[in-house]
Structures are given as structure tokens and as C-alpha cells.
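These are the residues of each chain, in order.
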Amino acid sequence: MLNLPLSALEQRDDFIGRHIGPDAAETAAMCADIGAASLAALISETVPAGIRLAAPLPIAAAVPEHEALAKLKAIAGKNVLKRSLIGLGYYDTILPKVILRNVLENPGWYTAYTPYQAEIAQGRLEALLNWQQMVMDLTGLELANASLLDEATAAAEAMAMARRASKSKSNAFFVDSAAFPQTIDVVKTRAKYFGWDLVFGTAEEAASADVFGALLQYPDKTGAVRDLTAIIAALKAKGALVAVASDLMALVLLKSPGEMGADIALGSAQRFGVPMGFGGPHAAFFATRDEHKRSVPGRIIGVSVDARGKKALRMALQTREQHIRREKANSNICTSQVLLANMAGMYAVYHGPKGLQTIASRIHKLAAIFAAGLKQVGFKVLGSQFFDSFDIATGAQTEAINTAALAAGYNLRQVSPSVLGVSFDEKTTRADVLTLLNAFAEVGRLANVCELARAFDESDLAALEQSCAIPASLLRTDAILTHPVFNSHHTEHEMLRYLKKLQNRDLALDHSMISLGSCTMKLNATSEMIPVTWPEFGDVHPFVPREQAAGYLEMIEGLADYLRAVTGFPAICMQPNSGAQGEYAGLVAIRRYHESRGDAHRNICLIPKSAHGTNPATAQMCGLDVVVVDCDENGNVDVADLKAKAEQHKDNLAALMITYPSTHGVFEEAVKDICATVHAFGGQVYMDGANLNAQVGLTSPATIGADVSHMNLHKTFCIPHGGGGPGMGPIGLAAHLAPFMADHAVKPTGADARSHAGQGAVSAAPFGSASILTISWMYITMMGGEGLKQATEYAILNANYVAAKLAPHYPVLYRGTHGRVAHECILDIRPIKAATGITEVDIAKRLMDYGFHAPTMSFPVAGTIMVEPTESESKGELDRFIAAMTQIREEIRKVEQGTWPADANPLKHAPHTQADVMVAEWSRAYSREEAVFPLAYVAENKFWPSVNRIDDVYGDRNLFCACVPMEEYSA
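Worth saying up front: this structure is predicted, and the values here are computed from it rather than measured.

Chemist: Explain the overall build of the protein to me, please; I cannot follow it from the model alone.
Modeler: Of regular secondary structure, the protein possesses 37 helices and 25 strands. In summary, the protein has a C-alpha radius of gyration of 28 Å against a globular reference of 30 Å for 971 residues, a match within 12%. In terms of overall dimensions, the protein has C-alpha extents of about 90 × 75 × 70 Å along its principal axes. In the protein, buried positions account for 65% of the 971 residues. Here the protein displays about 31,800 Å² of accessible surface, and carbon together with sulfur accounts for 53% of that area. Here the protein carries 85 positive and 102 negative side-chain charges, and the mean point of each set is 3 Å from the other.

Chemist: Could you clarify how one ought to interpret the sheet that holds strand β24 (residues 856–857) in this entry?
Modeler: Neighbouring strands of a sheet are bound in pairs by backbone hydrogen bonds; such pairs are parallel or else antiparallel. Strand order in this open sheet of three strands is β23-β25-β24, and the pairing throughout is antiparallel. Edge positions in the sheet fall to β23 (825–828) and β24, since each has one partner strand and no second. Alignment of β24 against strand β25 (residues 864–867), held across two bridges, turns out to be antiparallel. Among the inter-strand pairings, Met 857 is bridged to a residue of β25, identified as Ile 865.

Chemist: Sorry, what's going on with helix α9 (residues 151–165) here?
Modeler: For an α-helix, 3.6 residues make a turn, and residues three or four places apart therefore share a direction. Here α9 is 15 residues long and its end C-alpha atoms lie 21 Å apart, about the 21 Å a rise of 1.5 Å per residue gives. In terms of burial, α9 is a largely internal element, 13 of the 15 residues being buried. If you check the start of α9, you find a side-chain oxygen 3.2 Å away from the backbone N of Ala 152, and it comes from Asp 150.

Chemist: Is there a simple way to explain the pairing of strand β20 (residues 684–688) in this structure?
Modeler: Of all five residues in β20, five are buried; the element is thus mostly enclosed. On β20, burial covers both faces: Gln 684, Tyr 686 and Asp 688 on one face and Val 685 and Met 687 on the other are all buried. Taken together, the five bridges between strand β19 (residues 653–659) and β20 define a ladder with parallel strand orientation. Within β20, the residue paired with Ala 655 across the bridge is Gln 684. For the crossover that starts at β19, traverses helix α26 (residues 671–680) and ends in the parallel β20, the hand is right-handed. Summarising the sheet, β20 and strand β21 (residues 708–710) pair through two bridges and their orientation is parallel. Pairing of Tyr 686 across the sheet is with Val 708, part of β21.

Chemist: Teacher, can you tell me more about the side chain of Ser 423 here?
Modeler: Along the chain, Ser 423 falls in strand β15 (residues 419–423). Look at Ser 423 and you get buried, because its relative accessible area is 2%. In terms of polar contacts, Ser 423 uses its side chain to reach the side chain of Ser 389, at 2.6 Å. Excluding anything up to four places from it in sequence, Ser 423 contacts Leu 85, Ile 86, Gly 87, Tyr 91, Asp 388, Ser 389 and Arg 413.

Chemist: Would you explain the sheet that holds β15 in this entry?
Modeler: Taken in spatial order, the four strands line up as β11-β12-β15-β14 in an open sheet, and their pairing is antiparallel. Whereas interior strands pair on both sides, the edge strands pair on one side only; in this sheet they are β11 (380–382) and β14 (413–416). Along the sheet, successive strands turn relative to each other by an average axial angle of 35 degrees, direction set aside. As paired elements, strand β12 (residues 389–393) and β15 share five bridges and run antiparallel to each other. By the bridge assignment, Ile 392 is partnered in β15 with Leu 420. On the sheet, helix α15 (residues 338–376) packs against β11, β12 and β15 and is oriented at approximately 10 degrees with respect to β12.

Chemist: I tried to follow the pattern of salt bridges on my own but got confused; where do I start?
Modeler: As a working rule, side chains carrying opposite charge can pair if their charged atoms are close by. Using the criterion set out here, one finds 50 salt bridges in the structure. Linking Lys 73 and Glu 536 is a salt bridge whose minimum nitrogen-to-oxygen distance equals 3.1 Å. A residue pair is termed long-range when its members are at least 10 positions apart, and Lys 73 in helix α5 (residues 65–76) and Glu 536 in helix α21 (residues 535–538) qualify at 463 residues. By relative accessible area, Glu 536 is classed as buried at 17%.

Chemist: Looking at this structure, how should I read the nonpolar core?
Modeler: Here is a general trend for soluble globular proteins: nonpolar side chains tend to be buried in one another's company. The biggest cluster of nonpolar side chains holds 259 residues, and the ones touching the most others in it are Phe 272 and Phe 370. By residue number, the principal contributor to this core is α15, which donates 22 residues. Dropping the residues within four chain positions of it, Phe 272 is found in contact with Thr 93, Met 134, Leu 138, Leu 248, Met 249, Val 252, Met 343, Ala 344, Tyr 347, Ala 348 and Leu 356. Grouped together as the second largest cluster of nonpolar side chains are 31 residues, Ala 160, Ala 191, Ile 264 and Phe 286 included.

Chemist: Explanation requested: the pairing of strand β3 (residues 172–176) in the structure shown.
Modeler: Side-chain positions along a regular strand alternate between the two faces of the sheet. Burial analysis of β3 places five of its five residues in the buried class, which makes it a mostly covered element. Because side chains alternate across β3, one face comprises the buried residues Ala 172, Phe 174 and Asp 176, and the other comprises Phe 173 and Val 175, equally buried. Two elements, β3 and strand β4 (residues 197–201), share five bridges in a ladder whose sense is parallel. Residue pairing across strands places Asp 176 opposite Gly 201, the latter belonging to β4. The β-α-β motif built from β3, the intervening helix α10 (residues 181–194) and the parallel element β4 has right-handed crossover chirality.

Reading guide: rules and limits
Residues numbered from 1 in each chain as written. Predicted model: local features only at pLDDT ≥ 70, side-chain atom pairs only at ≥ 80, totals over all residues. Heavy atoms only, no water. Helix = DSSP H or I, 4+ residues; strand = E, 2+ residues; numbered from the N terminus. Rg over C-alpha atoms; globule rule 2.2 N^0.38 Å. Buried < 20%, exposed > 50% of the residue type's maximum accessible area, 1.4 Å probe, protein only. Areas by Shrake-Rupley, 256 points an atom, 1.4 Å probe, with all protein chains shown as cover. Lys, Arg positive; Asp, Glu negative; His and termini not counted. Charge placed at Lys NZ, Arg CZ, Asp CG, Glu CD. Pairing = 2+ DSSP bridges. Expected span 1.5 Å × (residues − 1). Polar contact = N/O pair within 3.5 Å; in protein donor to acceptor, adjacent residues only side chain to side chain. Right-handed = clockwise from strand over helix to strand, strands pointing away. Contact = heavy atoms within 4.5 Å. Axes fitted to C-alpha atoms, helices over the stretch in contact; angles between N-to-C directions. Salt bridge = Lys/Arg side-chain N within 4 Å of Asp/Glu carboxyl O. Core = buried A, V, L, I, M, F, W, Y, C linked by side-chain atoms within 4.5 Å.

Now the structure itself:
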């Protein structure tokens, strides 16, 4: 070691080896096993030469973890932290530290995958069921989903649901002009491409509107609360569905939307313990009446039973809706905000109904005291009924008051040149109220409009304590959160143990690899995660003055520069807060581009048969007609069919949506020809970025000929999946599409000279879920350009290693010209099913007994499983997975040979629980050891599923989506 040069001992690229699984010796062994002369030779055999990058990524060299953290800390320090009383859907809050440490900062919660495999996700599912119960209680409605992306997009989903469920012949949707401006912005964008007319007016004017649905805000953007019962009844009498955008904290005290007759209630759960984070991520809630359950967007968690008759939880109804219904799907949303919903639900569990009522009452009392104090010093409060927010007529003193408030450390809401607004929150104290009252009074004295000659003090607040701005008729009278789960875990010890109990029921990346194809479950390094909880990022309101967010803007622009280098596109839009949102934003940009050229009639979207189901669902949302393109026998796009259909629709061709490498796990060699064909007939190419992990540093979307592409930062760039969210799906755009990417009605997304100024938003916040962008910034900074390229190479190596090792046991369905796969491979289970009745589902359930989450099932080809090992898995972990799959094939052979019955073998009974092996009489054809310890390594780190195989049919036929009584869990 002492003979090594200093540059080697500095270990500046040490993180690359921490992120990538195989070391040099393992790499050589793996290459030998698959018949590749070297890793470089494998890449040459896998990635077509015609699309390879001519130069290395223009990204600086790797930075050590501690230096990257210090660099980002310095950037974060440029944010100016003031108490933001801006409101408009974003409020400061206090996340209980027991939830911070044991959920948000816990890889057992944040590295889990969407709970498709319910038997090893019972903890997360219970947490989501708690969330649903909380939402149902507070909204007064019978059914809630497991969260949506943000309040504004939830409102847009409510509009679409109203159209599906309403019997009205109208083509118009009513929008409360007092709704949050970012919500209106998003709803306008969504309505345009569905072809619906929007009618704006006051809530009272809604009653006379002829519409298929309506969106009302309660409390509204001014903070006002009013009884909407009569307005809702009048709308429903005409066949309209009524959605009410609301606030969970306000609903702790206020009459619920359900009690007022609403069909849908929605909003953000951000203030239930989730930091503002410059706009996200936050879980949106969405509740409705039971009669509309088949029309609800997103996920719903339901109660079913397992093979032993024990209560068990699962995703109900819409589990894989996009892949089944494609362009007929209710929505293109295929994820939610699970991690954030779990945090918000646990906030309610920890505080309970009394704790929440105390917090909500304190917020209201402080707001009411402040309003009463303002009146005492001569200011007019615009509104007599409110929960936490109101506007103030400040006239000629507006600028001076705003300046004084800023100097005192507060951001107020600038409503107009003569009106300021204020919103109080969980962190507001009596000291804040005194400081602000004195700031207003001082300016008033200087302007001779305030008669109070002295400063406010504690005695003044005491004299105003009886103030209240909620009329008795608007107060809740029903009980909330009565289920035992919300009344049992109020000490930290009890909460800690409850969280640990749930965590123990879930398999996540902290236990073993999760090999889902097209989902890229890779390492979420600790150093990447740490900045998420820094207050410099967490405590920033998305609508603060631009100069207060200098650190955020620098970090975002730095990440945008990285993504420009990776994609080859000159423009990056950071607003989409999921992959599906990225798809939507990309197609909207294409539609706007065509409209600008007088080609609004271009409405045909070509989509290969193998595409993700979200692709046709998104095209439908953008008003495009889907034309399916065939695939050839090798799984590639059928170029002849594509050319024929492009020519057939040349006058109306809008776009092609293509995934690259293909959804079949192969680098298609004709991709440039495919893109050129679409361009020749006037279309644009949208590249789905689901498989970008196989491109970075080797090729790029721009290089293959795409015009726009989304990037799943929760896949390729290490934002964790969080049990089904959060995610981020920014898009890269070619120069000609850049003027048509999303902007924001409240806060611009760039400089005044930005080419896309005024374009409508697709998400609630200007930069989507901004706080988690720090994760991807850290990942790229620590990897550097060369490290990113190596990550891609090892993703390809690991996939080919798995394919080669499993090929003797399971046919690999598709390969490239040289017999290689890309970063994932599809194993064909159909011959096994035909011979034995063993299905891909049986294999998935049996893998749980070996301590593994299943690969992707029946996508993109029914009867197959798709494996994506990612670059982060070591050879040892790959070998354990291969051993499990190989041993399962031997078990299947015992069924083929008649040793085990076709309907009573380990695969059909899987997964096995402790209850199975504790029975006194064991009468199965295989041993207890074969059931639960099928290979030696399993015993060293056994994961016990907490329930047996779940009966999905029972769960859908007996739909129950609320918390079940505690005694039923133990029955």
C-alpha cells in the first residue's frame, strides 16, 4: 500500500465501488461464465455501435461522500429560512421524531416496493389502511384510496372521475374561482386535452351552472369557510358530481364534505407531519362514496383472507389497471405517495383524535386572536369565518407591512397591491402572533392609521382568547378516529414498537434484492438520503420569494445540468412528480408544439404492443387516439408495420411512444430508423425512460433520435421507491419542444426570459417533489460521469449473468443479435404451466420462502417473469437468487415426475408461515424443512411471511377498505 501513489490512496472514486455490487474478481468470473472476453466486450455485443456515444459524459469526476455532503450543505445554506405564513396548501408542521427516525429515515420503510406481493407487505398495507380510515373519518366519506400525487393533480383526477360517473350531457366542469391558483392551473391543462369546457365562478354561482361536475374549495384560498350543503344539493339535482378540495387539519374541527353531500373530497395531507420541502413530496388524499368505487383513480387497499382464513390485506380492484385496460384505464397514475401517506397516517396514529383536536384548535385560536388584534389596531380582516387563514386589507401600507414582516422573519401571502394574507400552522406560537401584531401596529402608527400607542403584550392576547371564527353550524359533531389504532400508540415506546411490528412484516431492500424488471430497485445510499431531512431543504415553502430559495434553485439547476449531459437534451423540466406525470408532460409538450404549427389535428399516437400500460393511458389523457404497432418474433418493434401505420396516418400522426431498450429487455438495432420514420411523417418521438438505467453513459435519448423523454429518478437515479412512492419524472426536451414545457401560475420555473413562460402546469408545485431531488444530485455527484457509465455496464453484466445461469432451467424469451439481453431478461414460464399447472404466480409466492421478492409477473408478456437485478447487487446475492430459482425448477420437476401432487406441493401452498410449520400433524408430501428452509442460506436470514397466500377474488367480491376491528386480526 505504501508504494501506491497519493491519488490512489485518496479514494476519490470510492463511492463507485460502494454502489456497484461486483468487484474486479467477481466481474472476471461472471464474464467467464457468460462467455464474454471482458466487460467491454459484453457491452460491444449488447449495445449497437450505431447509437454509442462518441465521447464520455460531460460530468465531472466522482466526489467522495463526505465532500459531496459538505458541498450540498453549503448550497443548502444559501436558502433563507423564514417562517412562511403563505398557506395556499403548504404549511409548516412538526414531524414527530419517532416517525422521522423510524419511517422517513428507515430503509425498512423507504426501500420497499409497491405492495403487489401482499404476503410480504402486510406492514405497509396496514399503514395504508390506517391512512384510508383516517381520510374516510375526516372527509365523512365511505371510501378512500391509498393517496395520489398532490392536491392539484388529485383535483384533475376528480374532474375526470366526475365525467366517468356523471349522467349529465354537459361538456362543462365548474371550478371555484377561490380554489388554489396552482390547482386551477393544473385543471386547465388537463381539461384542454380532454376537450372539456371550464366554467369559473364563486361557489354560490355553481348552484345554477349546467355542468357534469364541480370543484369547490373548503376552506378556500382566502381562508373562508362556508356551508356548501345547499350548493352541492343543487348541483347534484342536475346530475353533476361535486368534488370538494379541503384540508385535513381544518376537517378535524369543521363539518365534513361528506356531511355536506359531496361526492368526492380531496386535498393534501402535507400538514400531517410532512415537511414543505419546496413543494413535495406530499401525499394527496382522495375519498368518495361507495357507489363510485369502480371509477376511483389510483390504489385502494382492501381486506381479504389468506389460505388459512386469516384476515389479510392487499391492493384491491385497480392493482394493475393500466396494463389490463390500457387506454381505457381510469387514469395513467400507477404509483402514489406511499411513504408520505404512511407518515401522515402515523402522525394521526401518534397524536390520536384528542391530539389532533388540540393542534387544530391551537392553530385556529392563534389565527382568531391575530384577526381580533388586527381589528383593534384598525385593519380590516376580509372574512369573518375561517379556520387558519384570512386576508387583510392593508391599502397603502401593504409594502411597508410586508417589509416589516420580512425583517421580523415572516413571509406573508401577497394577495394584491392592497391586500396581504396570513395562514397559521402547527409551528405558530403566541410569540409569533405578538411579533406580527406589533409589526402591523408599528406601520399603522407611522401612517397614522393605528390608535394603539403601545406595543401588544401577553395581557392583550389573554384579553382576546375568547375569539373564534368558526360558527357553531360549521363545527363537526361526529366522532373521528375512533378505531383502536388511533387510540393506542400515544407514548413513544408504544409507537416505536408498533412501527417495528409493521416493519417486520415487510420485505425491503434491506433484506434482499428485489429483482423487478422495469422497476430498477437499486441501492439508495445513506449519503444520498441524509439531505432530505435537513431543515434547509425541508422548511422552505414553494412560493417563497425567489431570493430565499437560492440554494434550492442552484441545486435544481445543477441536477438539470447533469440530466442534460445524460440525455443529450438542452432543456429539462423538473415539474412532473412521477413517471406517469412525466409521460403526460412530454405528450402535452408535443401537442402544444403541433398546435403552434397549425397542426392541432395531429391526434394519432403509435405505441408498440409491448409498451407499458401507462403509455396508452397517458395518450388517451392527452386526447390522442392510440394505434398499436406489432412486435416481431424477436420482441422488437415490427419496423414494416410501424412504417405502414406511420404512412397510413401521416396527415394526423402526432407521436410515437417507445421504450428503449425495449420493454422486452433488448437494444433494438433499428431504433434510429424507427425515429427517422416517425419524423419523416411529421410526428414526434417520445421515449419512455423506464429503462434509462441501461443507457446512461453508453447512449442517450437524443442520440437515438427521441424528441422528449421522461426520467424516473426513483429508478435510474436512486430516489427510493418508498413502498410505491415518492417518485420524480422530469422530462428532457429537444430545443424545438422547450418552449412548450410546463411553467407555473404562482411561481415561474425560470428567468423572465424563459421560452416557456405562461405554459400551464402539470403538477401542483413549480419543481414537483423538490426535496427529493437532493437524492439524485448526491448520487450523480458521488458517481461522476465515469461512475454512471460503470453503473450502466454492470446493470447489463448482472442481467446477462442471471440470464445465462437460468437459461438451462427457464427459456429466456428475447435476446439481441449477439444473444445478449440488456439490463433485464424475460423468463418464459408458459411451457412449465402447460406441463404442470405451475404458474408464474406460484413461482412468485414460492420465492418468498427463499427470502426474495418476486420479479415482475406477466409483463410485458403474459405467463412470464421479468428479472432486473441492477448494478448494485453483488455476485453473492445474484448467486443466492439464481440458486433459489434453480431449486424452484427442481421442485417443479418433482411435480412433472409425479413425486409431488400437482395441486399440493410447495409451490401451490407457498408462501409458508410459522403457523404452517407449527401444526402438530404434518401431512404434506414434502417436509417442513423443504417448506421453509429449502436451501441452507435461507436459515441464516429467514424472512417469515406473516400471512399465507391471499385470496384475491374474495377480497374483490367482499370489498372492505377500512380498518377492521382489532379482534378480527387475531381471530
